[in-house]
Each structure stands twice: as C-alpha cells, then as structure tokens.
Amino acid sequence: MTSQAIPFIHGTTILAVRHQGMVVLAGDGQVSMNNTVIKHQARKVRRIYNDRIMVGFAGATADAMNLSERLEGKLERYNGNLTRAAVELARDWRTDKMLRRLEALMIAADPQKLFLISGTGDVIEPDEGIIGIGSGGTAAQAAAMALLRHSALDARHVVEAAMQIAAGLCVFTNDFITIEEMKCDAGSQTP
C-alpha cells in the first residue's frame, strides 16, 4: 500500500497570547485531507471544566477530542489545577501504549497559566506568553511576537492579525477564526 492510498489529514493553526491582562486562544477552521479542503468551519478551540479552561488542538480530531476529555478528567481530579492536570496528562500520554499513538498537540490556558502539552511528555510554559502550534503555528507565533513588540494592540487584536497573516502563508490554514478569551489573574499578567 502506498502513502497515497491512506488519506493524510493536514494541519491547522492554533495561537495563544497572554498580554495586557488577557489570555486569547484562537484556531482556524480548515480541515484538509491530502490536497483537498474538506471542511472550512471546524471549531478547534473550546472551553472545558465549567468554562474555566481554554484548549486548542492541532492534529487528528478524534485524538484531540480524546485528549480534551482526559484533560478535563484530570482537572476534575485535581480541583481545576491546570499545572498538575497538564503534567499528569503528559505523563499518561507518554507512558500509556494506547495514548502514545495519539497524533495531536494541545494548548491549554487558564487565568494563571498557558501551556503547550505534547505526547512526548512536554508541558511547556512559554517565556513571552505566546504559543503557536500546527502547520501555521510558527507563522502565527512569529507575527504575534512582532505585533506585541512593535505595536500597542491588545491581545485579541494581536491574535486576529497574527491568524490572518498565518492564513495568508499556510495553505492548510484558513481565515475562519474561532476565538476564546478570558481575563488573567493579577499575578500572572505579561506586559
């Protein structure tokens, strides 16, 4: 069987920015299989755990949903402590034979923390309050960094502009953007 016989579902762009008292998480809506767009308005970011945690996914949809449910279970077990829940999810993901096969990355944010969670056991909190994942994630993250450093835009406008830039560069990213946002706690804000 050749690689052309098995459909490959491509990319996405997920971007999170913590800035000026807000954390904003956005995802594009495009789902592509090989070189064909099969959906334009997928929702790749959502709120979980009584709307207190925002999550965004890049990768296989079923895998991403599985991870979201598992993270929510960890949040319930650890009373909403995102740091503990993220570490426990990453540990399970890395060590469990079935979970290791999941092909997805996740960004999770609450009013205090912002993390990238991966199947290799990574739980990464960015230095500058910006994370981009997926096929257009690097372009979106670079655009957001430039906008934060060289403009007075608030977090939402930075995310909107950065996602538009990524959509213009990445063929697996469109400009149908879903955005979630929440206020940061006072001690967790970035300039």
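**Q** Quick rundown of the sheet that holds strand β8 (residues 104–109)? Include the residues and the values.
**A** Strand order in the open sheet made by the five strands is β6-β7-β8-β9-β10, with antiparallel pairing throughout. Each having just a single partner strand, β6 (45–48) and β10 (123–124) make up the two edges of the open sheet. Contacts from helix α1 (residues 61–77) reach β6, β7 (53–59) and β8, with the element oriented near 40° to β8. Seen against the sheet, helix α2 (residues 82–95) touches β7, β8, β9 (114–117) and β10 and runs at an angle of roughly 5° to β9.

**Q** Go over α1, please, and point to the residues and values.
**A** Between the first and last C-alpha of α1 there are 24 Å, a value that for 17 residues agrees with the 24 Å anticipated at 1.5 Å per step. What α1 keeps buried is the set D63, A64, L67, S68, L71, K74 and L75. In an axial view of α1, the angular spread of the buried residues amounts to 140°, which keeps them on one side of the axis. With respect to the buried face of α1, the exposed residues turned more than 90 degrees away are A62, E69, E76 and R77. Turning to α1, the residues buried within the fold contact β6, β7, α2 and β8. Residue N79 follows α1 closely and has a positive phi angle near 50°.

**Q** Report on the confidence of the model for the protein, specifying residues and quantitative values.
**A** This prediction gives the protein a mean pLDDT of 88; 89% of its residues lie at or above 70. Predicted confidence is poor over residues 1–9, with pLDDT under 50, and the contacts of this stretch with residues over four places away or in other chains come to 10 contacts.

Calculation rules
- Residues numbered from 1 in each chain as written.
- Predicted model: local features only at pLDDT ≥ 70, side-chain atom pairs only at ≥ 80, totals over all residues.
- Heavy atoms only, no water.
- Pairing = 2+ DSSP bridges.
- Helix = DSSP H or I, 4+ residues; strand = E, 2+ residues; numbered from the N terminus.
- Contact = heavy atoms within 4.5 Å.
- Axes fitted to C-alpha atoms, helices over the stretch in contact; angles between N-to-C directions.
- Expected span 1.5 Å × (residues − 1).
- Buried < 20%, exposed > 50% of the residue type's maximum accessible area, 1.4 Å probe, protein only.
- Arc of directions from axis to C-beta.
- pLDDT = per-residue confidence, 0-100.

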